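Commentary on secondary and tertiary structure
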Amino acid sequence: MNAYKCPRCTASLKTIDYDGVEIETCPVCEGEWLDAGELRDIVQNVERRFDPEDIKHLNSLRKRIVKLKELAHERLLCPKCPGQKLRPFNYACSSGIILDKCPNCGGIWLDRGELEMVQAVVDEWKGHVSRDRRLSEDTKRKILEKTETESGTGVLRSRVTYVLAVLRSFI
C-alpha cells in the first residue's frame, strides 16, 4: 500500500495491475498515476485490441475531453513529489490527449479513460506504419527494377542513377 494522494481529488491511490504493469489508480475519480517508463511499458505490451467502433467512440470522447481541458486545465500536484506541479502536455505532440507529467520524477497522471485512448492511438499508428512500410518497399522495388532496365546492365551504376530514378518517380 502506498501513501500517494490523487492530484485531482486527494483520495488515497491504490495499486493495481494494468496489462502486467503495476500502476496507481484513484478509486474516486478513476484517474491513474504511472511512474516514469510505465506508459511506455503498457503501450509496448498492449494485449487488448480495439475494434473500429471502440476507436470511433474514443476519438469522439477525446475531442470532448481535449476541449474541456483546453478551456480550464488546472495545474495538479505530483502525488510523489510534495509541492511539485505537474505540467500538461499533448501526448505524441498531436494526439489531442492531454496528460500531466512531473518534471521532477517523470511520472504521468492520466485522467479516467486517457490510458485507453493512448493505447488506441498507438494501435492506429502501428497499422499506418506497417502499411507505409509495405508501400515504401513496393515503390523502392519498382524504382530499382526500372533503373536496372534503363541502365541495361541489370546493376545500378551509381547512387546518382538511383536518386534520379527516385526523383523521376515523383514527376
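As a starting point, this report considers the structure included with it. (Residues numbered from 1 in each chain as written. Predicted model: local features only at pLDDT ≥ 70, side-chain atom pairs only at ≥ 80, totals over all residues. Heavy atoms only, no water.)

1. Some remarks on the pairing of strand 2 (residues 21–25)
Burial within strand 2 is extensive, with four of its five residues counted as buried. Two strands pair when backbone bridges link them, and strand 1 (residues 14–18) and strand 2 are joined in this way by five bridges, in the antiparallel orientation. Looking across to strand 2, one finds that Lys14 is bridged to Thr25. As paired strands, strand 2 and strand 3 (residues 32–34) are joined by two bridges and run antiparallel to one another. Directly across from Thr25, in strand 3, lies its bridge partner Glu32. Between strand 2 and strand 3, which pair antiparallel and follow one another directly, the connecting turn spans six residues, one of which, Glu30, has a positive phi of 70°. (Buried < 20%, exposed > 50% of the residue type's maximum accessible area, 1.4 Å probe, protein only. Helix = DSSP H or I, 4+ residues; strand = E, 2+ residues; numbered from the N terminus. Pairing = 2+ DSSP bridges.)

2. Focus on the sheet that holds strand 3
Strand order in the open sheet made by the six strands is 1-2-3-6-5-4, with antiparallel pairing throughout. With partners counted over all chains shown, the strands left at the sheet margins are strand 1 and strand 4 (87–90), one partner each. Adjacent strand axes in the sheet meet at a mean angle of 35°, parallel and antiparallel pairs treated alike. (Axes fitted to C-alpha atoms, helices over the stretch in contact; angles between N-to-C directions.)

3. What to know about unusual backbone geometry
In this model, Asp19 sits at a positive phi of 50°, which is unusual for a non-glycine residue. Along the chain, Asp19 turns up in the loop between strand 1 and strand 2. Here Asp19 falls in the partly exposed class, since its relative accessible area comes to 24%.

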